[in-house]
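Working through the structure, step by step
Spelled out, the chains give:
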Amino acid sequence: MDRMLNGFRVNPIDIDGTARGNSTMLRAYEQEVSSNSDNRKKQVDNGSYRAVAPPPGFSSNMKNVRNREFGYGRTSAHDLDKGKGHFGDLYRNDRLGNQLDSPAQPSRSSLQSVSAFDIEESMMELHGKDGENGEELLSGGRDKMNRGQTEIDDLEDQLAGSLGLEDESGERSDKKKYHRDKSYLQLLYPGMLLSPARDLDGRMRIIDLIRGQWIMGQRMRNVKRQMACRSDINSFNASFLAVFESLIPADEEKVKQKQLMMLLEKHVSKEWPEARLHVYGSCANSFGFSKSDIDVCLAMELGNIDKSEILLKLADILQSDNLQNVQALTRARVPIVKLKDPVTGISCDICVNNVLAVVNTKLLRDYARIDVRLRQLAFIIKHWAKSRGVNETYQGTLSSYAYVLMCIHFLQQRRPAILPCLQGMEITYFTIVDNVECAYFDQVEKLQNFGLRNGESIAQLVWAFFHYWAYCHDYANDVISVRTGSTLSKRAKDWTRRVGNDRHLICIEDPFEVSHDLGRVVTNTA
């Protein structure tokens, strides 16, 4: 009978002495299961396990775990005074990137819950007679493990092809395949010696190693999902709020931005009286840091005129007014004019008819008006991402816009919810931009008390944010969707396979342009 293993179907095979591909790793698994079962029973009997309470908003279905399995403890005021108390204290050296390696069942997911021990047993059953179950696991493993390590991805690709047990007859050159795999596998596992006669056995041993890594990662992930928030978490509130306030643009800076916009509007209206300038991006959506650049959209009817011609003409106009560093980048993915105002010292990028970005800016600004905790959380997360160097799409990481959407989605998932799903409510704002319908409830002044029933502090939310994205979101199967206020299926959106440079490791749906995965650029989750 078929059974489900963490969301994909497998055919269990009885293990016996005649099973092909059976390796020493399999026997090691069996011994480890038996040993671990005895050890856990002894530890429960002598009271070395204790139950811990779940963090706010998480399930109270607890497992008994030991503190030393977490590597988690308390931070004293003395440590904080010495500068040791920082974001990392919340997890004790756990890096967010390292916590995205393995999928797990999120709250409200339709996935069946499978314990780590059931997974381990099913994994051993997979090591059966046909060998093709191992190939199915390996090819499916790209979605299930999502390790984000290039060498592991390449290894899986190599093995998926070289396993080809149905083609072991010799139509392809086994010798050539052996030499290709041998050099690569021995690079990753120097202690493994392969020979042509034992090529199949060597590949199966590699599969066993990958299975073992996956099992151990899943086990630790399941344990850490039950981690309780530290009891003194609110002692970090003042520090987090100080970080937030230090990043808010000063009123003087906003005045300078308005001065620059007035100057630009004067030049544009002379040349194109019907055109309009709109500020968009972080500078306008209320999530911008101090000294941020300004992004401006020039909205106008083009007719038969090319955008490049408009930008070149605009560059000439602005250059004549002594604006500095004026450049027309007409061959960029999004053609823009770059400039710097010597009076205000503000840099500015101007594009043509990127109106959808203007609507996205309005949506985020409206969400920020509902609950101040969204803006506080987003500023802290963006500050963390910038300090860790994981906020640049060209470097294979998420954009600031994507992080803000993750904050909104996270606050939509809190129980009680802190933010509503504006696109799931009565439509009070509607427009069509480039054949994309943009509609949602924008009368947010009526939602000022929406999150009052949830009394979580900013320190609790920062802790829970990293906990949620590290251990509770199912990266292998789910899409982050602010539009629906929930998660969607990666399979339903056909975001399950790599297409060119788009890997879909972390899937974040754009609220309006729903075919756009903001996480498609992510190539490094290590």
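Before any of the text, the structure's been laid out above.
Rules used throughout
- Residues numbered from 1 in each chain as written.
- Predicted model: local features only at pLDDT ≥ 70, side-chain atom pairs only at ≥ 80, totals over all residues.
- Heavy atoms only, no water.
- Helix = DSSP H or I, 4+ residues; strand = E, 2+ residues; numbered from the N terminus.
- Buried < 20%, exposed > 50% of the residue type's maximum accessible area, 1.4 Å probe, protein only.
- Phe/Tyr/Trp six-rings, centres within 6.5 Å; stacked < 30°, edge-to-face > 60°.
- Lys NZ or Arg CZ within 6 Å of the ring centre and 35° of its normal.
- Salt bridge = Lys/Arg side-chain N within 4 Å of Asp/Glu carboxyl O.
- Pairing = 2+ DSSP bridges.
- Axes fitted to C-alpha atoms, helices over the stretch in contact; angles between N-to-C directions.
- Expected span 1.5 Å × (residues − 1).
- Arc of directions from axis to C-beta.
- Contact = heavy atoms within 4.5 Å.

**Details of unusual backbone geometry**
Cis rather than trans, the peptide bond between R415 and P416 has omega equal to -5 degrees. Its location among the elements puts P416 in the loop between α14 (400-413) and β8 (429-433). In this structure, K291 is a non-glycine residue whose phi angle is positive, near 65 degrees. Along the chain, K291 turns up in the loop between β3 (276-280) and β4 (294-299). Phi angles above zero are rare outside glycine, and N325 is one such case at about 55 degrees. As for its position among the elements, N325 is in strand β5 (residues 324-329). By relative accessible area, which is 53% here, N325 ends up exposed.

**Here we look at the packing of aromatic side chains**
Taken as a whole, this structure holds 12 aromatic pairs when the rule is applied. Aromatic side chains F289 and F379 sit 5.3 Å apart centroid to centroid with 50 degrees between the ring planes, which places their arrangement in the tilted category. You can see F289 sitting in the loop between β3 and β4 and its partner F379 sitting in helix α13 (residues 372-388), a full 90 residues away along the chain. Across this residue pair, the class does not change: F289 and F379 are buried. Ring centres 5.4 Å apart and planes at 50 degrees place the aromatic pair Y429 and Y440 in the tilted group. Residue Y429 is located in strand β8, and its partner Y440 is located in strand β9 (residues 436-440); the two are separated by 11 residues in the primary sequence. The burial state of Y429 is the same as that of Y440; both residues are buried. An aromatic cluster of at least three residues, connected via ring pairs, comprises W384, Y403, F410, F465, F466, Y468 and W469. It is K382 that lies over the ring of F289; its NZ or CZ is 4.9 Å from the centre. If you follow K493 out to its NZ or CZ, it ends over the ring of W495, 4.8 Å from the centre.

**Considering the pattern of salt bridges**
This structure, assessed with the given rule, holds 12 salt bridges. Salt-bridge contacts for K338 lead to D349; the nearest nitrogen and oxygen are separated by 3.2 Å. Residue K338 is found in strand β6 (residues 336-340), and its partner D349 is found in strand β7 (residues 347-352); the two are separated by 11 residues along the sequence. Judged by relative accessible area, which is 29%, K338 ranks as partly exposed. The exposure class assigned to D349 is buried, which follows from its relative accessible area of 18%. With a shortest N-O distance of 2.6 Å, R497 and D494 are connected by a salt bridge. Sharing partners across several salt bridges, the network here consists of K362, D366, R369, D442 and E445.

**Side note on the sheet that holds strand β11 (residues 486-489)**
Taken in spatial order, the three strands of this open sheet run β11-β10-β12, and their pairing is mixed. Each end of this open sheet is capped by a strand with a single partner; those strands are β11 and β12 (508-509). With two bridges connecting them, strand β10 (residues 478-481) and β12 associate as parallel partners. By the bridge assignment for β12, S481 is matched with E509.

**Topic: the sheet that holds β7**
Here five strands make up an open sheet; going across it, the order is β3-β4-β7-β6-β5 and the pairing mixed. Strands with a single pairing partner mark the edges of an open sheet, and in this sheet they are β3 and β5. Strand-to-strand twist across the sheet, computed as the mean angle between neighbouring axes with direction ignored, equals 20 degrees. Inspection of the sheet shows β6 paired to β7 by four bridges, in the antiparallel sense.

**Some thoughts on helix α10 (residues 251-271)**
Counted at 1.5 Å a residue, the expected span for α10 with its 21 residues is 30 Å, and the 31 Å between its end C-alpha atoms agrees. If you check which residues of α10 are buried, you get E253, Q257, L260, M261, L263, L264, H267 and V268. Each buried residue of α10 lies within a common arc of 160 degrees when the element is viewed along its axis, so the set occupies one face. Every exposed residue of α10 that faces more than 90 degrees away from the buried side is listed here: D251, E252, K258, M262 and K270. On the buried face of α10, the contacting elements are β3, β4, α11 (307-319), β6 and β7.

**Let's talk about the pairing of β8**
Pairing analysis gives five bridges linking β8 to β9, with the strands arranged antiparallel. Note that in β9 the partner of I432 across the bridge is E437. Linking two consecutive strands that pair antiparallel, namely β8 and β9, is a turn of two residues; a positive phi of about 50 degrees is found at D434 within it.

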